[in-house]
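These are the residues of each chain, in order.
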Amino acid sequence: MQERSQWEGVFITSTTRVVKEVGTLRLPDEKGGSQLVEFAPHPLVAEISKLVFNAMKENATLILYLPVLLVYDLCTEEGRRKRLH
């Protein structure tokens, strides 16, 4: 962590296969406090994020798509009555 002054950017990956850029970090300092470190958007992180997103989109399978209002209608007594008449 001592070379953090040389960091150009930070990103987080998740189990959902998403890459998100981090703009601000609060890191502990040597005195027991903390230091706020800010990062400008980095083109390499943006490119990695885009590549991961596109790969996931290409390999994704649509399981079920229902508009929210239809789901609401099907899940309420009033909605079911409207659909039956």
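Residues numbered from 1 in each chain as written. Predicted model: local features only at pLDDT ≥ 70, side-chain atom pairs only at ≥ 80, totals over all residues. Heavy atoms only, no water.

Draft legend 1. Focus on the confidence of the model for the protein chain. Mean pLDDT over the protein chain works out to 77, with 67% of the residues at or above the 70 mark. At the level of individual helices and strands, the protein chain shows its lowest average pLDDT in helix H2 (residues 68-75), which scores 58, and its highest in strand S4 (residues 34-38), which scores 88. (pLDDT = per-residue confidence, 0-100. Helix = DSSP H or I, 4+ residues; strand = E, 2+ residues; numbered from the N terminus.)

Draft legend 2. Summary view of the pairing of strand S3 (residues 24-28). Both S3 and S4 contribute to a ladder of 5 bridges, which runs antiparallel. Of the residues in S4, the one forming a bridge with Leu25 is Val37. Between S3 and S4, which pair antiparallel in sequence order, lie 5 residues; one of them, Gly32, sits at a positive phi of approximately 90°. (Pairing = 2+ DSSP bridges.)

Draft legend 3. How the structure looks around the environment of Ala46. Checked against the element boundaries, Ala46 lands in helix H1 (residues 43-59). In this structure Ala46 comes out as partly exposed when scored by relative accessible area, which is 42%. (Buried < 20%, exposed > 50% of the residue type's maximum accessible area, 1.4 Å probe, protein only.)

Draft legend 4. The side chain of His42, seen in detail. Its place among the elements puts His42 in the loop between S4 and H1. Of note is the side chain of His42, whose polar atom sits 3.1 Å from the backbone nitrogen of Leu44. In this structure, His42 is in contact with Glu8 and Glu21, ignoring residues within four places of it in sequence. (Polar contact = N/O pair within 3.5 Å; in protein donor to acceptor, adjacent residues only side chain to side chain. Contact = heavy atoms within 4.5 Å.)

Draft legend 5. Geometry of the nonpolar core. Membership of the largest hydrophobic core is limited to 5 residues, which are Val10, Val22, Leu27, Val37 and Phe39. What Val10 contacts, discounting residues up to four positions off in sequence, is Lys20, Glu21, Val22, Leu25 and Phe39. (Core = buried A, V, L, I, M, F, W, Y, C linked by side-chain atoms within 4.5 Å.)

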